[in-house]
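Listed below, chain by chain, are the residues.
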Amino acid sequence: MLSCTSKVLPNGLRLVSVRMPHLHTAEIAIYIKAGGRNDTAGKSGISHFLEHMLFRGSAEFASSLELEIAFEAIGGSVNAATDEETTCYFSRVHPQHMGTGVKLFSSMLLHPTLAGIEIEKRIITEEALEDINERGEETNPGNLASKLLWPGHPLGTPTIGYLDSIKGITGEDLREYLATFYVPGNALIVAAGRHDTGEFFAACEESFAGWQGGPPPAPVPASDQQDEPRSLFVKDSDSQVNLQIAFRGFARPDRRLMALRLIRRILCGGGTSRLHLTLREKLGIVYSVDASLSAYEETGAFAIELATAPENLVLAVSEVLSEVKTLAFVDMDEAELSRVKEGYFYDLEYSADSTYEMQVRYGWGELMGMVRTLEEDRIEAAAIDAAAIRETCHALFQPANVNLVAVGPWKAGAKRAVEKLIKEYKKGW
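First, a word on what this report is: a plain description of the structure on this page. None of the values given here were measured: they were computed from a predicted structure.

Right, let's talk about the environment of Y296 for a bit. Residue placement: Y296 occurs in the loop between strand 9 (289-295) and strand 10 (300-308). The contact partners of Y296, leaving out residues within four places of it in the chain, are R37, E84, E85, W150, L155, A251, R252 and P253. Among the polar contacts made by the side chain of Y296, one reaches the side chain of E84 at a distance of 3.5 Å.

On the surface, D333, E334, D385 and E391 cluster together into a negatively charged patch. Residue placement: D333 occurs in the loop between helix 11 (313-329) and helix 12 (334-351).

The next subject is helix 9 (residues 257-268). Between its first and last C-alpha, helix 9 extends 16 Å over twelve residues, near the 16 Å set by a 1.5 Å rise per residue. The buried fraction of helix 9 is high, at nine of twelve residues. Inspection of helix 9 places L257, M258, A259, L260, L262, I263, I266, L267 and C268 among the buried residues, and these make up the whole buried set. Downstream of helix 9 by a residue or two, G270 has a phi angle that is positive, lying close to 120 degrees.

A general trend in soluble globular proteins is that nonpolar side chains are found buried together. Formed by 55 residues in total, the largest nonpolar core has its most connected members in F247, L267, F302, I304, I389, F397 and L404. The leading source of residues in this core is helix 9, at nine residues. With sequence-adjacent residues up to four places away left out, I304 is seen in contact with L243, Q244, I245, F247, L267, L275, V289, D290, A291, V320 and V324. Core analysis: the next-biggest nonpolar cluster, separate from the first, contains 50 residues, L13, I46, L109 and L114 among them.

The next point concerns the pairing of strand 5 (residues 87-93). The element strand 5 is extensively covered by neighbouring structure, given that five of its seven residues are classed as buried. Bridge count between strand 3 (residues 26-32) and strand 5: seven bridges; the pairing is antiparallel. Across the sheet, residue A26 finds its bridge partner in strand 5, namely V93. Of the pairings in the sheet, the one linking strand 4 (residues 79-82) to strand 5 comprises four bridges and is antiparallel in character. Residue pairing for strand 5: N79 is matched across the bridge by F90. Between strand 4 and strand 5, which pair antiparallel and follow one another directly, the connecting turn spans four residues.

So, about the side chain of T86. Positionally, T86 belongs in the loop between strand 4 and strand 5. T86 sits in the buried class, given a relative accessible area of 3%. Contacts of T86, omitting those with residues within four sequence positions, involve I32, K33, A34, G35, A81, W364, L367 and M368.

Let's shift gears to unusual backbone geometry. We note that L114 has phi near 55 degrees; this positive angle belongs to a residue other than glycine. Mapping L114 onto the fold places it in the loop between helix 3 (98-110) and helix 4 (117-129).

Thresholds applied
Residues numbered from 1 in each chain as written. Predicted model: local features only at pLDDT ≥ 70, side-chain atom pairs only at ≥ 80, totals over all residues. Heavy atoms only, no water. Helix = DSSP H or I, 4+ residues; strand = E, 2+ residues; numbered from the N terminus. Contact = heavy atoms within 4.5 Å. Polar contact = N/O pair within 3.5 Å; in protein donor to acceptor, adjacent residues only side chain to side chain. Patch = residues over 30% accessible without salt bridge, like charges linked within 9 Å, V, L, I, M, F, W, Y side chains within 5 Å. Areas by Shrake-Rupley, 256 points an atom, 1.4 Å probe, with all protein chains shown as cover. Salt bridge = Lys/Arg side-chain N within 4 Å of Asp/Glu carboxyl O. Lys, Arg positive; Asp, Glu negative; His and termini not counted. Charge placed at Lys NZ, Arg CZ, Asp CG, Glu CD. Expected span 1.5 Å × (residues − 1). Buried < 20%, exposed > 50% of the residue type's maximum accessible area, 1.4 Å probe, protein only. Core = buried A, V, L, I, M, F, W, Y, C linked by side-chain atoms within 4.5 Å. Pairing = 2+ DSSP bridges.

Purely spatial values, then, with no claim about function.
Right under this line is the structure:
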């Protein structure tokens, strides 16, 4: 039986234990409530850069190799990820070695050497170049859509940063960022899987009780204003056009987020989803189509992503806009909605066997102030009817919320046709 217990240490560090005694594994994750949106002026990418640097060695482990060997010795494989609002360090750990795992993470976070900065710059530059064409232009549709959604704000900047900002980051910059944002009141440690809660809490207190630091500065709010559709076309020498249609969405506290989760499934949730059936099975113009949901403290986005041959670009845009407009004005069939809900309920149930899913639900959820049990999610989803889906879609898919990005070998005529489609989309709203 899954159980969740939390505790706050005197220094403000939050601890969460998610016991899953039926499993044979455990996972430790440390969250820092700082990501791309917290990058300092002129230092785009520093959050991500620091994440990389903490793997390069600590006072106790002189190199990344020594750290990797230490984690492997306890059944682990340490990894990390930086997004717009958080940085997470995580590893599977054998249940017998939870205390050692906590100590390893404390060494990484509290005693990094920050050595090898020039080597790491080269590595991250290679990563950044994957999203840049031969003319030095950004080609990642997600990054470009964010730029349209939040121009001039860190949320509109690639989390990895830019080539010049990566090049300019110094050891002093990293130490200053570490002292500012890597503080106990801005962090959370979570364990999920088979483990003893008391022993886990004791290990965290032993390794992190001495961690000190004041509150970090609050992030600059992003403007949530958009009055007209926006579009951006970037030429790239590819065989397909990568398309993203991002709609300005809802902030994290918004009660319509559950409806958005179901809408994502209605449109792109597998073989019976609407856009899959239309674009792939009926028209044969895509291999796959997906949708993503982003919800931040004060804003959000809902993005539909696909790739198609240049000659199919106009048709793909037309079909996507037609489908979302239908959802905004026509109540969906109850049988379809019931099928979508059932799929969601099954996935909720399956997630109870995943240490990753549970550490995110209860760890990240606690950090962001939105912990929800599986049953709470199930009850909320069950209560959503066709009218709620239609009303949410009507608010989400408003013409003024459209941000369209096309990257690839598009033709001028197709560009004009797509821009005309966006204008026509406003009619009858």
